[in-house]
Amino acid sequence: MRTRADHSTYSAEPEGKSQHARIVRDLGLSIVGGELKPGDKLPPEAHLLERYEISRPVLREAVRVLVAKGLVVSRQRAGASVRPRNEWHMLDPDVLYWLIQAQPQRDFVGTLLEVRRIFEPAAAALAAKAATDEQLTAIAAAYDGMAAATTTAELLEPDLAFHRRIAEATGNDLLAYIGNMLSLALRESIILSSQLPNTHELSLPRHKAILTALQARDSLGARQATLVQLEETGDDLSTVLAEDGRVNLA
């Protein structure tokens, strides 16, 4: 799945000084894409130095970046090797971006929907009870931005803000962080579903139902409205992907 915008520190082709960025990106994609599997050692240092025409300190700094992202472990004399997949920092923006690029589109969308079905209804239910008046106003403002949009491009940012602000309104810093980190993946899902010609008409009433429940402090209603929105989003994405992958995301 190729993104339509550059959201990653290491996604774009580096210029001039940043061969460091190129090697981080290339190795990151090789790991996340499965070319380098858990337990595999990174290519020999001499090979990487020659291939990228970089100094040893630059290479070692690139490896340290991959270590910080949970992708590799580096041991003295043993070198650097790929860590088990369950130890990767999946919500790191670069790791998530590489995952989006490396996975087949339908697999990534299915994975994201599973996460959203677990996370978003619970967050909405909590936000209905915990949100301040100011936070509800901010969520409503995001909805108004969606309603005012005249193109799918204009719809994107307020749609993202709507979901992010619900997570923030839970009053739980960890949930707010997860909601923010999921924005990159959610962006790709919205861009994909926007290929439907009636995206705006489909999206608004679903989000309005969530907003209405939040404003009424109706926790069960907010949960149910979110579940309905996600079920119908899955149907939309299945329609978009039907020609390409013939996949059912319901």
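Residues numbered from 1 in each chain as written. Predicted model: local features only at pLDDT ≥ 70, side-chain atom pairs only at ≥ 80, totals over all residues. Heavy atoms only, no water.

- As recorded in an unreviewed UniProt entry, the protein chain goes by DNA-binding FadR family transcriptional regulator and comes from Roseateles asaccharophilus.

1. Section: unusual backbone geometry
Leaving glycine aside, a negative phi is the common case for residues, and trans is the common case for peptide bonds.
Here is step 1 of the chain: Of note in the backbone geometry, Glu53 takes a positive phi value of approximately 55 degrees without being a glycine.
Here is step 2 of the chain: In this structure, Glu53 sits in the loop between α2 (45–52) and α3 (56–68).
Here is step 3 of the chain: Given a relative accessible area of 70%, Glu53 falls into the exposed group. (Helix = DSSP H or I, 4+ residues; strand = E, 2+ residues; numbered from the N terminus. Buried < 20%, exposed > 50% of the residue type's maximum accessible area, 1.4 Å probe, protein only.)

2. Here's the deal with α3
Here is step 1 of the chain: Between its terminal C-alpha atoms α3 stretches 18 Å, which fits the 18 Å expected from 13 residues at 1.5 Å a residue.
Here is step 2 of the chain: Along α3, the residues classified as buried are Leu59, Ala62, Val63, Val65 and Leu66. One face of α3 carries all of its buried residues, which in axial projection span an arc of 150 degrees. Among the exposed residues of α3, those oriented more than 90 degrees off its buried face are Pro57 and Ala68.
Here is step 3 of the chain: On its buried side, α3 packs onto α1 (19–32), α2, β1 (72–75), β2 (79–82) and α4 (93–102).
Here is step 4 of the chain: Directly beyond the C-terminal end of α3, a positive phi value near 80 degrees is found at Gly70. (Expected span 1.5 Å × (residues − 1). Arc of directions from axis to C-beta. Contact = heavy atoms within 4.5 Å.)

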